[in-house]
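Geometric and topological summary
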Amino acid sequence: MSEVAFRAMTPADLEAVADLTHRADPFGWTLRNFSDAHASGNTLTVLTVDGVTSGIAAVMHVLDESELLEIAVQPAMQGRGYGKALLAQAIALARRNGAVRMFLEVRESNARARKMYTSFGFEETGRRKNYYPTENGREDAILMTAQFSRSVPHD
Ligand SMILES: CC(C)(COP(=O)(O)OP(=O)(O)OC[C@H]1O[C@@H](n2cnc3c(N)ncnc32)[C@H](O)[C@@H]1OP(=O)(O)O)[C@@H](O)C(=O)NCCC(=O)NCCS
């Protein structure tokens, strides 16, 4: 059995986190994006599998709302439940922080991520036309929202 763990990202993680994100999504966050998010006090959660940095999630908190800014799993590790584990951890941390809802934006073409979000109770609540660049043009962003109950989950 692999040992799965979560920890708060530190500056020492920046290169590994930026590298895995770039491999997972060439349009995903850069080292600078992660560094800025860390400096801004966002919640950055590193997923390790047997001690190896394998995923990252970034969440911004504003009052009782949260936004999933980025989530990525190392391509070689995808499809094994780690994305769901990371999302569950990001949601649990947000709820412990007082969030009653979480927002996110996802590419219309990103069927895998959209399916994962739907399975966590996210619903489509909007659309931004031509929001994201693609290899040969632009595509829409789907806005999704999940509502949480006020009771906060415990460990
Ligand atoms: C989205 C992402 C984080 C999911 O991580 P993952 O480890 O592959 O996901 P999991 O193995 O936990 O699977 C989560 C769900 O994704 C879907 N999924 C996983 N593998 C899939 C595949 N090969 N085809 C279609 N859907 C798939 C399923 O709905 C799955 O849930 P299920 O097993 O209950 O059916 C990962 O694919 C990734 O890093 N993608 C690139 C970055 C990205 O798109 N981030 C989202 C930006 S909004």
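The following paragraphs examine the structure supplied in this document.

1. As for the overall build of the protein chain
When you go through the protein chain residue by residue, the secondary structure sums to four helices and seven strands. Each helix (α) and strand (β) of the protein chain, taken in turn from the N terminus, gives the series β-α-α-β-β-β-α-β-α-β-β. Taking 15 Å as the expected radius of gyration for a compact globule of 155 residues, we find that the protein chain reaches 15 Å, a close match to that expectation. Projected onto the principal axes, the alpha-carbon positions of the protein chain cover approximately 40 × 40 × 35 Å. For the protein chain, buried positions account for 40% of its 155 residues. Of all intrachain contacts in the protein chain linking residues separated by at least 6 positions in sequence, the fraction that spans at least 24 positions is 59%. For the protein chain, the separation between the mean place of its 17 positive charges and that of its 19 negative charges on side chains is 4 Å.

2. Some details on the site of the ligand
The environment of the ligand is made up of 20 residues, and the closest members are Val 73, Gly 81, Lys 84, Asn 110 and Arg 112. In the environment of the ligand, an oxygen atom lies 2.8 Å from a nitrogen or oxygen atom belonging to the backbone of Val 73. Look at the ligand: alone it shows 930 Å² of surface, and the protein chains cover 74% of it. Among the elements of the structure, strand E4 (65-73), helix H3 (82-96), strand E5 (101-107) and helix H4 (111-119) are those that each provide at least two residues to the shell around the ligand.

3. Describing the sheet that holds strand E3 (residues 52-62)
Here we have seven strands laid out as an open sheet, ordered E1-E2-E3-E4-E5-E7-E6, and mixed in their pairing. Edge positions in the sheet fall to strand E1 (4-8) and strand E6 (123-134), since each has one partner strand and no second. Looking at each pair of strands side by side, their axes are set apart by 25° on average, direction ignored. Note: E4 against E5, four bridges, orientation parallel. Pairing of Leu 68 across the sheet is with Leu 104, part of E5. Of the strands in this sheet, strand E2 (43-49), E3 and E4 touch helix H1 (residues 14-24), which is tilted by about 95° from E3. Seen against the sheet, H4 touches E4, E5, E6 and strand E7 (137-147) and runs at an angle of roughly 160° to E5.

4. Observations regarding the pattern of salt bridges
The final tally for this structure, using the stated rule, is 11 salt bridges. The residue Glu 105 makes a salt bridge to Arg 128 at a minimum N-O spacing of 2.8 Å. With Glu 105 in strand E5 and Arg 128 in strand E6, this residue pair connects regions lying 23 residues apart in the sequence. Judged by its relative accessible area of 23%, Glu 105 is partly exposed.

5. Some words on the packing of aromatic side chains
For the structure on display, the rule yields three aromatic pairs. Here Tyr 131 and Tyr 132 contribute two aromatic rings whose centre-to-centre distance is 5.0 Å and whose plane-to-plane angle is 80°, an arrangement assigned as edge-to-face. The exposure class assigned to Tyr 131 is partly exposed, which follows from its relative accessible area of 37%. On the accessibility criterion, Tyr 132 (16% relative accessible area) is buried. Sitting above the plane of the Tyr 131 ring, Arg 128 keeps its charged end 5.6 Å from the centroid.

Scoring rules and cut-offs
Residues numbered from 1 in each chain as written. Predicted model: local features only at pLDDT ≥ 70, side-chain atom pairs only at ≥ 80, totals over all residues. Heavy atoms only, no water. Helix = DSSP H or I, 4+ residues; strand = E, 2+ residues; numbered from the N terminus. Rg over C-alpha atoms; globule rule 2.2 N^0.38 Å. Buried < 20%, exposed > 50% of the residue type's maximum accessible area, 1.4 Å probe, protein only. Contact = heavy atoms within 4.5 Å. Lys, Arg positive; Asp, Glu negative; His and termini not counted. Charge placed at Lys NZ, Arg CZ, Asp CG, Glu CD. Near = heavy atom within 4 Å. Polar contact = N/O pair within 3.5 Å; in protein donor to acceptor, adjacent residues only side chain to side chain. Areas by Shrake-Rupley, 256 points an atom, 1.4 Å probe, with all protein chains shown as cover. Pairing = 2+ DSSP bridges. Axes fitted to C-alpha atoms, helices over the stretch in contact; angles between N-to-C directions. Salt bridge = Lys/Arg side-chain N within 4 Å of Asp/Glu carboxyl O. Phe/Tyr/Trp six-rings, centres within 6.5 Å; stacked < 30°, edge-to-face > 60°. Lys NZ or Arg CZ within 6 Å of the ring centre and 35° of its normal.

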